[in-house]
Amino acid sequence: MHPLENRPVLALVRLPHAQDLDLPAYETAGAAGIDLRAAVRAGDPITIKPGARALVPTGFVFEVPFGYEGQVRPRSGLAFKHGITCLNTPGTIDSDYRGEVKVLLINLGEEDFVIERSMRIAQMVIAPVTQVAIREADGTSTTARGSGGFGSTGSK
Ligand SMILES: O=c1ccn([C@H]2C[C@H](O)[C@@H](COP(=O)(O)OP(=O)(O)OP(=O)(O)O)O2)c(=O)[nH]1
Ligand SMILES: [Mg+2]
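These notes cover the structure that comes with them. Computed from a predicted structure; not experimentally measured.

Cut-offs and rules
- Residues numbered from 1 in each chain as written.
- Chains lettered and ligands numbered in written order.
- Predicted model: local features only at pLDDT ≥ 70, side-chain atom pairs only at ≥ 80, totals over all residues.
- Heavy atoms only, no water.
- Pairing = 2+ DSSP bridges.
- Helix = DSSP H or I, 4+ residues; strand = E, 2+ residues; numbered from the N terminus.
- Axes fitted to C-alpha atoms, helices over the stretch in contact; angles between N-to-C directions.
- Buried < 20%, exposed > 50% of the residue type's maximum accessible area, 1.4 Å probe, protein only.
- Contact = heavy atoms within 4.5 Å.
- Core = buried A, V, L, I, M, F, W, Y, C linked by side-chain atoms within 4.5 Å.
- Salt bridge = Lys/Arg side-chain N within 4 Å of Asp/Glu carboxyl O.

## Let's talk about the sheet that holds strand β7 (residues 84-86)
Backbone-to-backbone hydrogen bonds join strands into a sheet, with any given pair of strands oriented parallel or antiparallel.
Point 1. Here four strands make up an open sheet; going across it, the order is β1-β5-β9-β7 and the pairing antiparallel. The open sheet has two edge strands, β1 (11-14) and β7, and neither has a second partner. Here the strands of the sheet are splayed against their neighbours by 45° on average, with no regard to which way each runs.
Point 2. As defined by bridge partners, strand β5 (residues 53-63) adjoins strand β9 (residues 100-107) across six bridges and the pair is classed as antiparallel. Along β9, the bridge assignment pairs Leu55 with Leu104.

Put into structure tokens, the structure is as follows:
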């Protein structure tokens, strides 16, 4: 079977303020992330000052299939050129979320960053997640690592 057959479907519902926006899409054939565009009003851009953050609307509701999550991640170009990244990266889009997907950007650069309508501001990776059964236990199994962490194995 062709690998693209039987793919899970991501349903997108366009909100009124996304009327003329391109549908979020994979920009290249092998892209991992679906680029997300800013649904700010035309002529009314958002300016993020250095050190400030902004919640940017995408204009779409994403129905992520059960068993998957959406991971909202920064775009490396914006991070490299302007110091713009997602504050809560990776942002988590739950499969039962029915609100508008928004992107929480922070400006770690030295200059104001202006977000115009339709600008590609972040990307969303759809990834499988496992919902485990949660059970309280009296103890854990024994391992060589034990409770060592945070650099306990050294750096070389
Ligand atoms: O970058 C993000 C992160 C989250 N969300 C939406 C979808 C997600 O399903 C919901 C809740 O996100 P999260 O669980 O990270 O936030 P919370 O602070 O735990 O809020 P809640 O109590 O609503 O779960 O908010 C976004 O639109 N963008
Ligand atoms: Mg939550």
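## Structural notes on the pairing of strand β3 (residues 34-37)
Point 1. Side chains Ile34 and Leu36 of β3 all project onto a buried face; the interleaved residues Asp35 and Arg37 project onto the opposite face, where all are buried too.
Point 2. The pairing of strand β2 (residues 25-26) with β3 spans two bridges and is antiparallel. Across the sheet, the residue bridging to Ala25 is Asp35, located in β3.
Point 3. Pairing geometry for β3 and strand β11 (residues 120-128), over four bridges, is antiparallel. The partner of Asp35 across the bridge, within β11, is Gln123.

## Quick word on the sheet that holds β11
Point 1. Pairing is antiparallel across the open sheet formed by five strands, whose spatial order is β2-β3-β11-β6-β8. This sheet does not close on itself; its edge strands, each paired only once, are β2 and β8 (91-93).

## Looking at the side chain of Asp35
Point 1. With respect to the secondary-structure elements, Asp35 resides in strand β3.
Point 2. Asp35 gets classed as buried once you look at its relative accessible area, which sits at 8%.
Point 3. If we ignore the near neighbours within four places in the chain, the residues touching Asp35 are Pro24, Ala25, Glu27, Arg75, Arg120, Ala122 and Gln123.

## Points about the nonpolar core
Point 1. Grouped together as the largest cluster of nonpolar side chains are 25 residues, with contacts concentrated most on Leu36, Val56, Val72, Val103, Leu105, Ile115 and Ile121.
Point 2. At the level of secondary structure, the elements contributing two or more residues to this core comprise β5, β7, β9, β10 (113-115) and β11.
Point 3. Discounting residues that sit within four places of it in the chain, Val72 has contacts with Leu36, Cys86, Thr89, Pro90, Gly91, Ile93, Val103, Ala122, Gln123 and Met124.

## A short note on the pattern of salt bridges
Point 1. Applying the stated rule across the entire model yields seven salt bridges.
Point 2. Put simply, Arg37 and Glu27 hold a salt bridge, and the shortest N to O gap is 3.9 Å. Of this pair, Arg37 sits in strand β3 while Glu27 sits in the loop between β2 and β3, and the two are 10 residues apart along the sequence.
Point 3. Here Arg37 falls in the buried class, since its relative accessible area comes to 15%.
Point 4. Between Arg98 and Glu63 there is a salt bridge, and its shortest N-O distance comes to 3.5 Å. Of this pair, Arg98 sits in the loop between β8 and β9 while Glu63 is found in strand β5, placing the two residues 35 residues apart along the sequence.
Point 5. Arg98 gets classed as partly exposed once you look at its relative accessible area, which sits at 45%.
Point 6. Connected via shared salt-bridge partners are Asp22, Glu27 and Arg37.

Any functional reading would require information that these geometric values do not contain.
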